[in-house]
Amino acid sequence: MSQIKKIANSFFEACETGKGWATCKKFCSDKASFSSHAEPLLETKTIEEYADWMVGICQIMPDSKYDIRSVTVDEESGHVSFFAIFSGTHTGEGGPADPTGKWGEVDYVYALEFDEEKISHLTKIWNPHYMNKQIGWE
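So, a few notes on the structure that sits alongside this text. (Residues numbered from 1 in each chain as written. Predicted model: local features only at pLDDT ≥ 70, side-chain atom pairs only at ≥ 80, totals over all residues. Heavy atoms only, no water.)

**Overview of helix α3 (residues 47–60)**
Its 14 residues place the ends of α3 20 Å apart at the C-alpha level, agreeing with the 20 Å of an ideal helix rising 1.5 Å per residue. Listed in full, the buried residues belonging to α3 are I47, Y50, A51, M54, I57, C58 and I60. Here the buried residues of α3 occupy an arc of 165° about the axis, which is enough to place them on one side. Residues of α3 that are buried sit in contact with α1 (3–16), α2 (21–24), β1 (28–35), β3 (79–89), β4 (103–115) and β5 (118–126). (Helix = DSSP H or I, 4+ residues; strand = E, 2+ residues; numbered from the N terminus. Expected span 1.5 Å × (residues − 1). Buried < 20%, exposed > 50% of the residue type's maximum accessible area, 1.4 Å probe, protein only. Arc of directions from axis to C-beta. Contact = heavy atoms within 4.5 Å.)

Printed below as a string of structure tokens:
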């Protein structure tokens, strides 16, 4: 396994299980940037902000999990992409409503850019409205 793939896998697992920036930062360059066209994350500009946002998501959905469907590594350009499915049940406090007890799942993609052996940028592609409807937020 390539070094950037190992780093990407470790980062992905830490971020998606709500370990927060304290754990994720060792995989990232200083001020690593973040982008997403999904409404809940439009103002999120750094991986630090995103990693800490995921802490909250994992508290709202304590049974949340991910299922990686594919990983693509382009060593030459320094990119690693994950296609995965996120799922969980809204049983924890937080979000725009009291816990609904409803479960949902949604496809998403992480596109990671590396600068040497550190993640310098993360783009997240997903449809939050699809998940929000399933868990009773819309």
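There is more to say after this.
**Details of unusual backbone geometry**
One non-glycine residue, K31, lies in the positive phi region at around 60°. A positive phi angle is found at E116, which is not glycine, with a value near 60°. Structurally, E116 is set in the loop between β4 and β5.

**Comments concerning the side chain of E16**
Within the element layout of this structure, E16 appears in helix α1. Within the buried core, E16 has no salt-bridge partner, and the shortest N-O distance to an opposite charge, that of K124, equals 4.7 Å. In terms of polar contacts, E16 uses its side chain to reach the side chain of Y50, at 3.3 Å. Setting aside residues no more than four positions away along its own chain, E16 makes contact with Y50, M54, C58, Y66, F86, Y108 and Y110. (Lys, Arg positive; Asp, Glu negative; His and termini not counted. Salt bridge = Lys/Arg side-chain N within 4 Å of Asp/Glu carboxyl O. Polar contact = N/O pair within 3.5 Å; in protein donor to acceptor, adjacent residues only side chain to side chain.)

**A word on α1**
Relative to the 20 Å expected for 14 residues at 1.5 Å per residue, α1 spans 20 Å between its end C-alpha atoms, a close match to the ideal helical length. Within the sequence span of α1, burial applies to I4, I7, A8, F11, F12, A14, C15 and E16. Remark: G18 follows α1 within two positions and exhibits a positive phi of approximately 75°.

**Regarding the side chain of S64**
Structurally, S64 can be placed in the loop between α3 and β2 (65–74). On the accessibility criterion, S64 (17% relative accessible area) is buried. Ignoring sequence-local partners within four residues, the contact set of S64 consists of C58, F86, S87 and G88.

Read these as spatial facts, not as claims about activity.
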